[in-house]
Amino acid sequence: MTEHAAPAGRREVLNFINGRYERSSEGKTFAGVSPATGAPIAVIHEAGRADVDAAVQAARAALKGPWGKMPVAERMALLHKVADGIQKRFDEFVEAECLDTGKPRETCRHVDIPRGAANFRIFADLFKNVPTEAFVMDTPTGGQALNYATRSPRGVIAVVCPWNLPLMLMTWKVGPALAAGNTVVVKPSEETPLTASLLGEVMNEAGIPPGVYNVVNGFGPDSAGAFLTEHQGVNGITFTGETRTGEVIMRAAAKGLRPVSFELGGKNPALIFADANLDEAIPDIIRATFINCGQVCLGTERIYVERPLFDEFVARMKAATEKQKVGPPDEPGVTMGPLISLEHREKVLSYYKLAVEEGATVVIGGGVPQMPAELANGAWVEPTIWTGLPHEARVNREEIFGPCCHIAPFDTEEEAVRLANDTAYGLTAVVYTRDLARAHRVANQMEVGICWVNSWFLRDLRTPFGGAKHSGIGREGGIHSLEFYTELRNICIRY
Ligand code: NAD
Ligand code: 6OD
(Lines give C-alpha, C1' and ligand atoms only; values in the text may rest on other atoms or scores of the structure.)
(Ligands and ions follow the chains in the order given, each with its own letter.)
Protein backbone atom coordinates (compact mmCIF):
# COMPACT_ATOMS: atom_id res chain seq x y z
CA MET A 1 0.00 0.00 0.00
CA THR A 2 1.35 3.47 -0.79
CA GLU A 3 1.43 6.24 1.77
CA HIS A 4 -1.65 8.29 2.42
CA ALA A 5 -3.16 10.22 5.30
CA ALA A 6 -5.69 8.33 7.42
CA PRO A 7 -9.24 8.68 6.11
CA ALA A 8 -11.67 10.44 8.45
CA GLY A 9 -12.43 8.41 11.56
CA ARG A 10 -9.32 6.23 11.25
CA ARG A 11 -6.24 6.66 13.34
CA GLU A 12 -2.85 7.15 11.75
CA VAL A 13 -0.26 5.09 13.62
CA LEU A 14 3.33 6.26 13.13
CA ASN A 15 6.59 4.76 14.32
CA PHE A 16 8.01 6.31 17.49
CA ILE A 17 11.74 6.91 17.13
CA ASN A 18 13.98 9.05 19.33
CA GLY A 19 11.01 10.68 21.03
CA ARG A 20 9.27 11.66 17.78
CA TYR A 21 6.48 10.19 15.71
CA GLU A 22 7.85 9.28 12.26
CA ARG A 23 6.19 8.21 9.04
CA SER A 24 7.40 5.14 7.17
CA SER A 25 10.53 6.26 5.32
CA GLU A 26 9.56 3.94 2.46
CA GLY A 27 6.03 5.31 2.40
CA LYS A 28 4.54 1.91 3.23
CA THR A 29 1.34 1.60 5.26
CA PHE A 30 -1.13 -1.14 6.08
CA ALA A 31 -4.67 -1.18 7.46
CA GLY A 32 -5.68 -1.94 11.04
CA VAL A 33 -9.04 -3.71 11.19
CA SER A 34 -11.62 -3.99 13.98
CA PRO A 35 -12.03 -7.64 15.01
CA ALA A 36 -15.60 -6.85 16.09
CA THR A 37 -16.88 -5.31 12.84
CA GLY A 38 -14.24 -6.00 10.20
CA ALA A 39 -14.14 -2.25 9.51
CA PRO A 40 -10.83 -0.46 8.93
CA ILE A 41 -9.87 1.51 12.03
CA ALA A 42 -6.29 2.64 11.43
CA VAL A 43 -3.60 3.32 8.88
CA ILE A 44 -0.31 1.96 10.23
CA HIS A 45 3.12 3.07 9.01
CA GLU A 46 5.34 0.07 8.37
CA ALA A 47 8.96 0.43 9.43
CA GLY A 48 11.52 -0.57 6.83
CA ARG A 49 15.15 -1.49 7.49
CA ALA A 50 16.16 2.19 7.63
CA ASP A 51 13.46 3.03 10.19
CA VAL A 52 14.43 0.07 12.36
CA ASP A 53 18.06 1.09 12.10
CA ALA A 54 17.18 4.65 13.15
CA ALA A 55 15.30 3.28 16.17
CA VAL A 56 18.19 1.03 17.21
CA GLN A 57 20.71 3.86 16.74
CA ALA A 58 18.52 6.16 18.87
CA ALA A 59 18.34 3.49 21.55
CA ARG A 60 22.13 3.04 21.47
CA ALA A 61 22.71 6.78 21.75
CA ALA A 62 20.31 7.06 24.71
CA LEU A 63 22.28 4.35 26.54
CA LYS A 64 25.36 6.55 26.41
CA GLY A 65 23.39 9.74 26.97
CA PRO A 66 21.18 11.02 29.80
CA TRP A 67 19.51 7.65 30.46
CA GLY A 68 22.81 5.86 31.01
CA LYS A 69 24.10 8.63 33.23
CA MET A 70 20.91 9.16 35.22
CA PRO A 71 21.01 8.38 38.98
CA VAL A 72 19.03 5.24 39.74
CA ALA A 73 16.55 7.01 42.02
CA GLU A 74 15.74 9.51 39.28
CA ARG A 75 15.28 6.73 36.72
CA MET A 76 12.88 4.88 39.00
CA ALA A 77 10.96 8.10 39.75
CA LEU A 78 10.50 8.64 36.00
CA LEU A 79 9.11 5.11 35.62
CA HIS A 80 6.56 5.91 38.33
CA LYS A 81 5.64 8.98 36.28
CA VAL A 82 5.07 6.74 33.28
CA ALA A 83 2.71 4.60 35.39
CA ASP A 84 0.96 7.79 36.58
CA GLY A 85 0.68 8.88 32.94
CA ILE A 86 -1.06 5.62 32.00
CA GLN A 87 -3.47 6.10 34.91
CA LYS A 88 -4.10 9.72 33.88
CA ARG A 89 -4.95 8.69 30.34
CA PHE A 90 -6.66 5.48 31.47
CA ASP A 91 -9.78 5.96 29.32
CA GLU A 92 -7.73 6.61 26.18
CA PHE A 93 -5.77 3.41 26.74
CA VAL A 94 -8.99 1.46 27.35
CA GLU A 95 -10.50 2.91 24.19
CA ALA A 96 -7.45 2.06 22.08
CA GLU A 97 -7.18 -1.52 23.43
CA CYS A 98 -10.91 -2.19 22.93
CA LEU A 99 -10.74 -0.87 19.39
CA ASP A 100 -7.72 -2.99 18.46
CA THR A 101 -8.76 -6.25 20.16
CA GLY A 102 -12.56 -6.06 20.40
CA LYS A 103 -12.38 -7.39 23.96
CA PRO A 104 -14.96 -6.38 26.59
CA ARG A 105 -14.35 -2.92 28.01
CA GLU A 106 -14.50 -4.36 31.52
CA THR A 107 -11.57 -6.67 30.77
CA CYS A 108 -9.50 -3.72 29.55
CA ARG A 109 -10.49 -1.67 32.60
CA HIS A 110 -9.74 -4.38 35.15
CA VAL A 111 -6.89 -6.36 33.61
CA ASP A 112 -5.02 -4.92 30.63
CA ILE A 113 -4.59 -1.26 31.49
CA PRO A 114 -4.05 -1.48 35.27
CA ARG A 115 -1.35 -4.11 34.64
CA GLY A 116 0.18 -1.75 32.07
CA ALA A 117 0.77 0.77 34.87
CA ALA A 118 1.69 -1.83 37.51
CA ASN A 119 4.41 -3.27 35.26
CA PHE A 120 6.36 -0.01 35.60
CA ARG A 121 5.80 0.50 39.33
CA ILE A 122 6.72 -3.00 40.47
CA PHE A 123 10.08 -3.15 38.70
CA ALA A 124 10.98 0.45 39.59
CA ASP A 125 10.45 -0.43 43.27
CA LEU A 126 12.02 -3.90 43.19
CA PHE A 127 15.23 -3.10 41.35
CA LYS A 128 16.08 -0.22 43.69
CA ASN A 129 16.67 -2.63 46.51
CA VAL A 130 18.40 -5.69 45.10
CA PRO A 131 21.33 -6.88 47.22
CA THR A 132 24.44 -8.30 45.63
CA GLU A 133 26.36 -11.44 46.56
CA ALA A 134 29.82 -11.26 48.12
CA PHE A 135 32.34 -13.98 49.04
CA VAL A 136 35.54 -13.65 50.99
CA MET A 137 38.07 -16.27 49.86
CA ASP A 138 41.44 -17.55 51.01
CA THR A 139 44.06 -17.00 48.31
CA PRO A 140 46.62 -19.75 47.41
CA THR A 141 49.50 -17.49 48.45
CA GLY A 142 47.99 -16.63 51.82
CA GLY A 143 45.83 -13.68 52.64
CA GLN A 144 42.32 -13.15 51.42
CA ALA A 145 40.31 -11.61 48.60
CA LEU A 146 36.80 -10.21 48.35
CA ASN A 147 34.51 -11.14 45.46
CA TYR A 148 31.41 -9.10 44.78
CA ALA A 149 29.04 -8.95 41.83
CA THR A 150 27.76 -5.85 40.10
CA ARG A 151 25.15 -5.53 37.37
CA SER A 152 25.12 -3.43 34.20
CA PRO A 153 22.23 -2.96 31.79
CA ARG A 154 22.42 -5.43 28.91
CA GLY A 155 22.05 -2.64 26.33
CA VAL A 156 19.42 -2.25 23.62
CA ILE A 157 16.58 -4.72 24.08
CA ALA A 158 14.26 -5.73 21.23
CA VAL A 159 10.75 -6.35 22.59
CA VAL A 160 8.61 -8.38 20.15
CA CYS A 161 4.99 -8.60 21.27
CA PRO A 162 1.77 -10.57 20.60
CA TRP A 163 -1.77 -9.27 20.11
CA ASN A 164 -3.71 -10.93 22.90
CA LEU A 165 -2.87 -8.56 25.80
CA PRO A 166 -1.03 -5.84 23.92
CA LEU A 167 -0.22 -3.16 26.52
CA MET A 168 0.05 -5.59 29.41
CA LEU A 169 2.51 -7.99 27.77
CA MET A 170 4.56 -5.21 26.16
CA THR A 171 5.01 -3.30 29.43
CA TRP A 172 5.73 -6.58 31.23
CA LYS A 173 9.01 -6.45 29.24
CA VAL A 174 9.54 -2.70 28.88
CA GLY A 175 9.05 -2.08 32.65
CA PRO A 176 11.92 -4.31 33.83
CA ALA A 177 14.09 -3.48 30.80
CA LEU A 178 13.99 0.25 31.57
CA ALA A 179 14.17 -0.21 35.34
CA ALA A 180 17.42 -2.12 34.80
CA GLY A 181 18.79 0.80 32.76
CA ASN A 182 18.37 -0.58 29.24
CA THR A 183 16.77 1.12 26.27
CA VAL A 184 14.15 -0.61 24.11
CA VAL A 185 12.87 -0.94 20.58
CA VAL A 186 9.36 -2.40 20.68
CA LYS A 187 7.74 -4.25 17.78
CA PRO A 188 4.04 -4.50 18.65
CA SER A 189 1.89 -7.06 16.89
CA GLU A 190 0.73 -5.82 13.48
CA GLU A 191 -2.80 -6.57 14.72
CA THR A 192 -2.67 -4.29 17.77
CA PRO A 193 -0.28 -1.32 17.50
CA LEU A 194 -2.42 1.39 19.14
CA THR A 195 -1.42 1.26 22.82
CA ALA A 196 2.33 0.93 22.14
CA SER A 197 2.05 4.07 20.04
CA LEU A 198 0.04 5.94 22.68
CA LEU A 199 2.63 5.00 25.29
CA GLY A 200 5.15 7.10 23.32
CA GLU A 201 3.18 10.22 24.25
CA VAL A 202 3.16 9.16 27.89
CA MET A 203 6.94 8.61 27.80
CA ASN A 204 7.47 12.12 26.46
CA GLU A 205 5.06 13.65 28.98
CA ALA A 206 6.83 11.83 31.82
CA GLY A 207 10.21 13.19 30.72
CA ILE A 208 11.78 9.91 29.60
CA PRO A 209 14.73 10.98 27.41
CA PRO A 210 14.36 10.51 23.63
CA GLY A 211 15.63 7.16 22.35
CA VAL A 212 14.88 5.22 25.54
CA TYR A 213 11.53 3.90 24.26
CA ASN A 214 11.10 3.36 20.52
CA VAL A 215 8.33 1.64 18.57
CA VAL A 216 8.59 0.19 15.07
CA ASN A 217 5.46 -1.13 13.39
CA GLY A 218 5.11 -3.91 10.90
CA PHE A 219 4.96 -7.65 10.39
CA GLY A 220 7.38 -10.48 11.19
CA PRO A 221 9.18 -12.01 8.21
CA ASP A 222 10.79 -9.54 5.80
CA SER A 223 9.42 -6.66 7.85
CA ALA A 224 10.03 -4.79 11.11
CA GLY A 225 10.13 -7.97 13.25
CA ALA A 226 12.88 -9.62 11.23
CA PHE A 227 14.79 -6.36 10.65
CA LEU A 228 14.81 -5.70 14.39
CA THR A 229 15.76 -9.17 15.60
CA GLU A 230 18.52 -9.45 12.97
CA HIS A 231 19.95 -6.02 13.83
CA GLN A 232 23.41 -6.37 15.36
CA GLY A 233 22.91 -3.21 17.42
CA VAL A 234 20.38 -5.15 19.52
CA ASN A 235 21.94 -6.79 22.59
CA GLY A 236 19.06 -9.04 23.65
CA ILE A 237 15.65 -10.12 22.37
CA THR A 238 12.63 -10.67 24.56
CA PHE A 239 9.74 -12.26 22.71
CA THR A 240 6.21 -13.33 23.54
CA GLY A 241 4.33 -15.29 20.92
CA GLU A 242 4.06 -18.60 19.15
CA THR A 243 6.60 -21.34 19.70
CA ARG A 244 7.29 -21.58 15.93
CA THR A 245 8.06 -17.85 15.75
CA GLY A 246 10.37 -18.28 18.73
CA GLU A 247 12.38 -20.81 16.72
CA VAL A 248 12.77 -18.32 13.86
CA ILE A 249 13.80 -15.51 16.23
CA MET A 250 16.28 -17.80 17.95
CA ARG A 251 17.98 -18.39 14.61
CA ALA A 252 18.21 -14.62 14.09
CA ALA A 253 19.61 -14.22 17.61
CA ALA A 254 22.31 -16.80 16.94
CA LYS A 255 24.10 -14.31 14.68
CA GLY A 256 26.05 -12.22 17.15
CA LEU A 257 25.19 -14.65 19.99
CA ARG A 258 22.46 -12.40 21.42
CA PRO A 259 20.57 -13.82 24.43
CA VAL A 260 16.83 -14.42 24.25
CA SER A 261 13.99 -14.54 26.74
CA PHE A 262 10.93 -16.34 25.36
CA GLU A 263 7.34 -16.67 26.58
CA LEU A 264 5.68 -19.04 24.12
CA GLY A 265 2.62 -21.19 23.58
CA GLY A 266 0.83 -23.59 25.89
CA LYS A 267 -1.60 -26.51 25.97
CA ASN A 268 -2.33 -26.18 29.63
CA PRO A 269 -4.02 -28.86 31.74
CA ALA A 270 -6.39 -28.55 34.68
CA LEU A 271 -6.71 -31.48 37.11
CA ILE A 272 -9.96 -31.63 39.06
CA PHE A 273 -9.89 -34.18 41.89
CA ALA A 274 -13.09 -35.68 43.29
CA ASP A 275 -12.76 -33.68 46.53
CA ALA A 276 -12.63 -30.34 44.66
CA ASN A 277 -14.95 -27.52 45.64
CA LEU A 278 -16.85 -27.14 42.40
CA ASP A 279 -18.50 -23.89 43.46
CA GLU A 280 -15.00 -22.40 43.27
CA ALA A 281 -13.55 -24.53 40.49
CA ILE A 282 -16.25 -23.98 37.87
CA PRO A 283 -16.04 -20.14 37.72
CA ASP A 284 -12.23 -20.32 37.68
CA ILE A 285 -12.10 -22.90 34.90
CA ILE A 286 -14.72 -21.00 32.91
CA ARG A 287 -12.48 -17.92 33.16
CA ALA A 288 -9.37 -19.96 32.31
CA THR A 289 -11.09 -21.25 29.17
CA PHE A 290 -13.11 -18.32 27.87
CA ILE A 291 -11.65 -15.02 29.09
CA ASN A 292 -10.25 -12.94 26.23
CA CYS A 293 -12.13 -15.34 23.93
CA GLY A 294 -9.69 -18.09 24.99
CA GLN A 295 -6.71 -16.12 23.70
CA VAL A 296 -4.63 -16.31 26.87
CA CYS A 297 -1.47 -18.38 26.81
CA LEU A 298 -2.02 -19.35 30.47
CA GLY A 299 -5.56 -20.60 29.78
CA THR A 300 -6.82 -24.15 29.99
CA GLU A 301 -7.59 -26.24 26.91
CA ARG A 302 -7.31 -29.71 28.54
CA ILE A 303 -9.35 -30.57 31.63
CA TYR A 304 -9.02 -33.90 33.46
CA VAL A 305 -11.68 -34.75 36.06
CA GLU A 306 -11.61 -37.64 38.55
CA ARG A 307 -14.25 -40.06 37.33
CA PRO A 308 -16.80 -39.83 40.22
CA LEU A 309 -17.11 -36.08 39.54
CA PHE A 310 -16.91 -36.22 35.73
CA ASP A 311 -20.63 -36.08 34.77
CA GLU A 312 -21.45 -33.37 37.29
CA PHE A 313 -18.42 -31.32 36.23
CA VAL A 314 -19.33 -31.51 32.52
CA ALA A 315 -22.96 -30.61 33.24
CA ARG A 316 -21.98 -27.61 35.36
CA MET A 317 -19.41 -26.41 32.81
CA LYS A 318 -22.11 -26.63 30.13
CA ALA A 319 -24.59 -24.66 32.24
CA ALA A 320 -21.98 -21.98 32.98
CA THR A 321 -20.99 -21.77 29.30
CA GLU A 322 -24.63 -21.20 28.33
CA LYS A 323 -24.40 -17.98 30.37
CA GLN A 324 -21.44 -16.62 28.36
CA LYS A 325 -22.51 -13.60 26.35
CA VAL A 326 -20.66 -12.95 23.10
CA GLY A 327 -20.63 -9.36 21.84
CA PRO A 328 -18.83 -6.07 21.25
CA PRO A 329 -16.81 -4.22 23.92
CA ASP A 330 -19.56 -1.89 25.17
CA GLU A 331 -22.60 -4.12 25.20
CA PRO A 332 -23.77 -4.61 28.80
CA GLY A 333 -23.19 -8.09 30.19
CA VAL A 334 -20.81 -9.19 27.45
CA THR A 335 -18.23 -11.72 28.72
CA MET A 336 -16.56 -12.70 25.43
CA GLY A 337 -15.43 -10.54 22.52
CA PRO A 338 -14.38 -11.74 19.07
CA LEU A 339 -11.20 -13.55 18.14
CA ILE A 340 -8.43 -11.20 16.97
CA SER A 341 -9.02 -11.66 13.22
CA LEU A 342 -10.92 -13.63 10.61
CA GLU A 343 -7.64 -15.39 9.81
CA HIS A 344 -7.31 -16.59 13.41
CA ARG A 345 -10.98 -17.62 13.34
CA GLU A 346 -10.23 -19.83 10.31
CA LYS A 347 -7.61 -21.59 12.42
CA VAL A 348 -9.91 -22.00 15.44
CA LEU A 349 -12.80 -23.22 13.28
CA SER A 350 -10.51 -25.73 11.58
CA TYR A 351 -9.96 -27.25 15.06
CA TYR A 352 -13.72 -27.20 15.73
CA LYS A 353 -14.12 -29.28 12.54
CA LEU A 354 -11.16 -31.49 13.37
CA ALA A 355 -12.56 -32.26 16.85
CA VAL A 356 -15.68 -33.75 15.27
CA GLU A 357 -13.59 -35.67 12.72
CA GLU A 358 -11.45 -37.05 15.56
CA GLY A 359 -14.59 -38.34 17.30
CA ALA A 360 -15.48 -35.66 19.86
CA THR A 361 -18.88 -35.25 21.44
CA VAL A 362 -19.73 -31.55 21.20
CA VAL A 363 -21.14 -30.65 24.63
CA ILE A 364 -21.82 -27.07 23.60
CA GLY A 365 -20.84 -24.65 20.83
CA GLY A 366 -18.69 -25.71 17.91
CA GLY A 367 -19.64 -23.00 15.44
CA VAL A 368 -20.17 -19.32 14.73
CA PRO A 369 -22.85 -17.41 16.67
CA GLN A 370 -25.62 -15.44 14.97
CA MET A 371 -24.69 -11.78 15.23
CA PRO A 372 -26.57 -8.62 14.23
CA ALA A 373 -25.89 -7.25 10.73
CA GLU A 374 -23.46 -4.53 11.88
CA LEU A 375 -21.23 -7.22 13.49
CA ALA A 376 -21.57 -9.80 10.72
CA ASN A 377 -17.98 -9.27 9.52
CA GLY A 378 -16.46 -9.69 13.00
CA ALA A 379 -14.37 -12.70 14.03
CA TRP A 380 -17.04 -14.24 16.28
CA VAL A 381 -16.93 -17.81 17.46
CA GLU A 382 -18.93 -19.88 19.95
CA PRO A 383 -17.49 -20.99 23.29
CA THR A 384 -17.05 -24.72 22.89
CA ILE A 385 -16.63 -27.81 25.06
CA TRP A 386 -15.84 -31.33 23.88
CA THR A 387 -15.64 -34.74 25.53
CA GLY A 388 -14.82 -38.20 24.23
CA LEU A 389 -11.57 -37.57 22.37
CA PRO A 390 -8.62 -39.94 22.68
CA HIS A 391 -5.63 -38.45 24.49
CA GLU A 392 -3.61 -38.64 21.25
CA ALA A 393 -6.09 -36.50 19.27
CA ARG A 394 -4.51 -33.42 17.69
CA VAL A 395 -7.15 -31.29 19.40
CA ASN A 396 -5.66 -32.48 22.70
CA ARG A 397 -2.06 -31.86 21.64
CA GLU A 398 -1.96 -28.61 19.63
CA GLU A 399 -2.50 -25.10 20.96
CA ILE A 400 -5.77 -23.78 19.53
CA PHE A 401 -5.81 -20.36 21.26
CA GLY A 402 -9.58 -20.08 21.14
CA PRO A 403 -12.52 -20.37 23.58
CA CYS A 404 -12.59 -24.16 23.80
CA CYS A 405 -11.58 -27.11 25.95
CA HIS A 406 -11.75 -30.88 26.05
CA ILE A 407 -12.82 -32.63 29.27
CA ALA A 408 -11.68 -36.20 29.98
CA PRO A 409 -12.01 -38.49 33.04
CA PHE A 410 -9.13 -40.03 35.03
CA ASP A 411 -9.06 -42.75 37.69
CA THR A 412 -5.83 -42.32 39.67
CA GLU A 413 -3.50 -39.52 40.72
CA GLU A 414 -0.66 -41.14 38.75
CA GLU A 415 -2.79 -41.20 35.61
CA ALA A 416 -3.76 -37.54 36.08
CA VAL A 417 -0.12 -36.49 36.41
CA ARG A 418 0.89 -38.56 33.38
CA LEU A 419 -1.89 -37.12 31.19
CA ALA A 420 -1.14 -33.55 32.28
CA ASN A 421 2.56 -33.86 31.51
CA ASP A 422 2.19 -35.74 28.24
CA THR A 423 2.53 -32.64 26.06
CA ALA A 424 5.27 -30.76 24.27
CA TYR A 425 4.34 -27.61 26.18
CA GLY A 426 4.92 -26.65 29.83
CA LEU A 427 3.50 -23.24 30.65
CA THR A 428 0.85 -23.65 33.37
CA ALA A 429 -1.19 -26.26 35.21
CA VAL A 430 -4.18 -25.95 37.50
CA VAL A 431 -4.97 -28.40 40.33
CA TYR A 432 -8.24 -28.46 42.26
CA THR A 433 -8.28 -30.51 45.48
CA ARG A 434 -8.96 -29.98 49.20
CA ASP A 435 -6.23 -32.46 50.14
CA LEU A 436 -3.18 -30.36 51.06
CA ALA A 437 -0.69 -33.22 50.79
CA ARG A 438 -1.97 -34.09 47.34
CA ALA A 439 -1.86 -30.43 46.30
CA HIS A 440 1.87 -30.26 47.11
CA ARG A 441 2.60 -33.70 45.67
CA VAL A 442 0.84 -33.12 42.35
CA ALA A 443 1.93 -29.48 41.91
CA ASN A 444 5.55 -30.52 42.36
CA GLN A 445 5.27 -33.07 39.56
CA MET A 446 3.82 -30.66 37.00
CA GLU A 447 6.36 -30.01 34.22
CA VAL A 448 5.44 -26.33 33.97
CA GLY A 449 6.66 -22.86 34.88
CA ILE A 450 3.54 -21.99 36.92
CA CYS A 451 1.14 -24.27 38.78
CA TRP A 452 -1.98 -22.81 40.38
CA VAL A 453 -3.75 -24.76 43.13
CA ASN A 454 -7.44 -23.96 43.70
CA SER A 455 -7.06 -20.79 41.61
CA TRP A 456 -6.12 -19.51 38.18
CA PHE A 457 -4.16 -16.45 37.04
CA LEU A 458 -3.46 -15.17 40.55
CA ARG A 459 -0.41 -13.07 39.78
CA ASP A 460 2.15 -11.76 42.23
CA LEU A 461 4.55 -9.87 39.98
CA ARG A 462 7.50 -10.64 42.26
CA THR A 463 7.37 -14.34 41.36
CA PRO A 464 9.21 -16.16 38.54
CA PHE A 465 7.14 -16.35 35.37
CA GLY A 466 7.78 -18.39 32.23
CA GLY A 467 7.43 -21.74 30.58
CA ALA A 468 9.13 -25.14 30.54
CA LYS A 469 9.64 -27.37 27.48
CA HIS A 470 8.28 -25.71 24.29
CA SER A 471 6.60 -22.93 26.31
CA GLY A 472 9.60 -20.73 26.81
CA ILE A 473 13.18 -19.99 27.65
CA GLY A 474 14.12 -18.23 30.87
CA ARG A 475 12.09 -16.69 33.65
CA GLU A 476 11.03 -13.09 34.10
CA GLY A 477 9.18 -11.53 37.01
CA GLY A 478 10.49 -10.01 40.22
CA ILE A 479 14.25 -10.02 40.57
CA HIS A 480 14.40 -12.97 38.13
CA SER A 481 14.00 -10.40 35.34
CA LEU A 482 17.49 -9.16 36.20
CA GLU A 483 18.92 -12.39 34.78
CA PHE A 484 17.99 -11.32 31.28
CA TYR A 485 18.00 -7.54 31.52
CA THR A 486 21.43 -7.16 33.11
CA GLU A 487 24.95 -8.43 32.67
CA LEU A 488 26.56 -9.66 35.88
CA ARG A 489 30.18 -8.83 36.56
CA ASN A 490 32.28 -10.36 39.36
CA ILE A 491 34.95 -8.15 40.90
CA CYS A 492 37.70 -9.90 42.85
CA ILE A 493 39.93 -7.73 45.07
CA ARG A 494 42.92 -9.20 46.86
CA TYR A 495 43.33 -7.58 50.27
P1 NAD B 1 3.19 -14.63 16.80
O2 NAD B 1 4.35 -15.48 17.14
O3 NAD B 1 2.48 -14.87 15.52
O4 NAD B 1 3.61 -13.10 16.75
C5 NAD B 1 4.20 -12.45 17.85
C6 NAD B 1 5.05 -11.31 17.36
O7 NAD B 1 6.15 -11.82 16.62
C8 NAD B 1 4.32 -10.34 16.43
O9 NAD B 1 4.72 -9.03 16.76
C10 NAD B 1 4.83 -10.74 15.07
O11 NAD B 1 4.80 -9.70 14.12
C12 NAD B 1 6.25 -11.12 15.39
N13 NAD B 1 6.90 -11.99 14.44
C14 NAD B 1 6.33 -12.96 13.68
N15 NAD B 1 7.26 -13.56 12.91
C16 NAD B 1 8.44 -12.96 13.18
C17 NAD B 1 9.78 -13.13 12.68
N18 NAD B 1 10.08 -14.02 11.76
N19 NAD B 1 10.74 -12.33 13.20
C20 NAD B 1 10.45 -11.40 14.14
N21 NAD B 1 9.22 -11.19 14.62
C22 NAD B 1 8.22 -11.97 14.16
O23 NAD B 1 2.20 -14.73 18.05
P24 NAD B 1 0.75 -14.09 18.20
O25 NAD B 1 -0.14 -14.81 17.23
O26 NAD B 1 0.86 -12.62 18.13
O27 NAD B 1 0.35 -14.48 19.70
C28 NAD B 1 -0.25 -15.69 20.04
C29 NAD B 1 0.76 -16.68 20.54
O30 NAD B 1 1.51 -16.10 21.59
C31 NAD B 1 0.16 -17.93 21.12
O32 NAD B 1 0.93 -19.03 20.73
C33 NAD B 1 0.29 -17.73 22.62
O34 NAD B 1 0.33 -18.91 23.38
C35 NAD B 1 1.57 -16.98 22.70
N36 NAD B 1 1.65 -16.20 23.94
C37 NAD B 1 2.45 -16.64 24.94
C38 NAD B 1 2.51 -15.94 26.15
C39 NAD B 1 3.35 -16.42 27.32
O40 NAD B 1 3.46 -15.70 28.30
N41 NAD B 1 3.93 -17.62 27.28
C42 NAD B 1 1.78 -14.78 26.29
C43 NAD B 1 0.97 -14.36 25.23
C44 NAD B 1 0.92 -15.07 24.06
O1 6OD C 1 0.76 -12.01 33.86
C2 6OD C 1 1.78 -11.89 33.16
O3 6OD C 1 2.77 -11.26 33.55
C4 6OD C 1 1.81 -12.49 31.83
N5 6OD C 1 2.98 -12.38 31.16
C6 6OD C 1 0.71 -13.10 31.33
C7 6OD C 1 0.66 -13.71 30.06
C8 6OD C 1 -0.52 -14.04 29.52
C9 6OD C 1 -0.58 -14.67 28.25
O10 6OD C 1 -1.48 -14.59 27.47
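A brief structural summary. Keep in mind that this is a model prediction, so the values were computed, not measured. (Residues numbered from 1 in each chain as written. Chains lettered and ligands numbered in written order. Predicted model: local features only at pLDDT ≥ 70, side-chain atom pairs only at ≥ 80, totals over all residues. Heavy atoms only, no water.)

## Topic: the site of ligand 2
The local shell around ligand 2 holds 13 residues, among which R115, N164, C297, R459 and F465 are the closest. One of the side-chain N or O atoms of R459 is found 2.7 Å from an oxygen atom in ligand 2. For ligand 2, whose accessible area on its own is 300 Å², the fraction buried by protein is 100%. Sort the elements by how many residues they give to the shell around ligand 2 and helix α6 (residues 166-179) lands first, with 3 residues. Per-class residue counts for the shell around ligand 2 are 9 nonpolar, 1 polar and 3 charged. Residue assignment places the shell around ligand 2 across two domains, with domain 1 (7-264 + 472-494) and domain 2 (268-460) each supplying three or more. (Near = heavy atom within 4 Å. Polar contact = N/O pair within 3.5 Å; in protein donor to acceptor, adjacent residues only side chain to side chain. Areas by Shrake-Rupley, 256 points an atom, 1.4 Å probe, with all protein chains shown as cover. Helix = DSSP H or I, 4+ residues; strand = E, 2+ residues; numbered from the N terminus. Nonpolar A, V, L, I, M, F, W, Y, C, P; charged D, E, K, R; others polar. Domains from an automatic or database assignment.)

## Brief notes about the site of ligand 1
Around ligand 1, the structure places 31 residues, and the nearest of them are K187, E190, T245, L264 and E399. At 2.7 Å, a backbone N or O of C161 approaches an oxygen atom of ligand 1. When ligand 1 sits alone it has 840 Å² of accessible area, and the protein chains cover 92% of it. Elements supplying a minimum of two residues to the shell around ligand 1: α8 (224-230), β11 (236-240) and α9 (243-254). Classifying every residue of the shell around ligand 1 gives 17 nonpolar, 9 polar and 5 charged. Formed jointly, the shell around ligand 1 draws a minimum of three residues from each of two domains, domain 1 (7-264 + 472-494) and domain 2 (268-460).

## Observations concerning the environment of R115
Looking at the element boundaries, R115 is found in helix α5 (residues 105-127). Residues R115 and T171 lie 56 residues apart in sequence; the distance between their C-alpha atoms is 8.3 Å. With sequence-adjacent residues up to four places away left out, R115 is seen in contact with M168, T171, W172, R459 and L461. (Contact = heavy atoms within 4.5 Å.)

## Quick look at the packing of aromatic side chains
Counted by the stated rule, this structure contains 14 aromatic pairs. Considering the side-chain rings of Y352 and W386, the 5.6 Å spacing of their centres and the 80° angle between planes classify their relative orientation as edge-to-face. Pair noted here: Y352 is in helix α12 (residues 342-357) and W386 is in strand β16 (residues 384-387), with a separation of 34 residues, a long-range link. Here the aromatic rings of W456 and F457 are separated by 5.2 Å at their centres, their planes lie at 70°, and the arrangement is edge-to-face. Here a set of aromatic residues connected by ring pairs shows up, and it is made of F123, F127, W172 and F465. The ring of F484 carries R154 above its face, with NZ or CZ at 5.6 Å from the centroid. Its guanidinium or amino end placed over the ring of W172, R459 lies 5.0 Å from that ring's centre, counting from NZ or CZ. (Phe/Tyr/Trp six-rings, centres within 6.5 Å; stacked < 30°, edge-to-face > 60°. Lys NZ or Arg CZ within 6 Å of the ring centre and 35° of its normal.)

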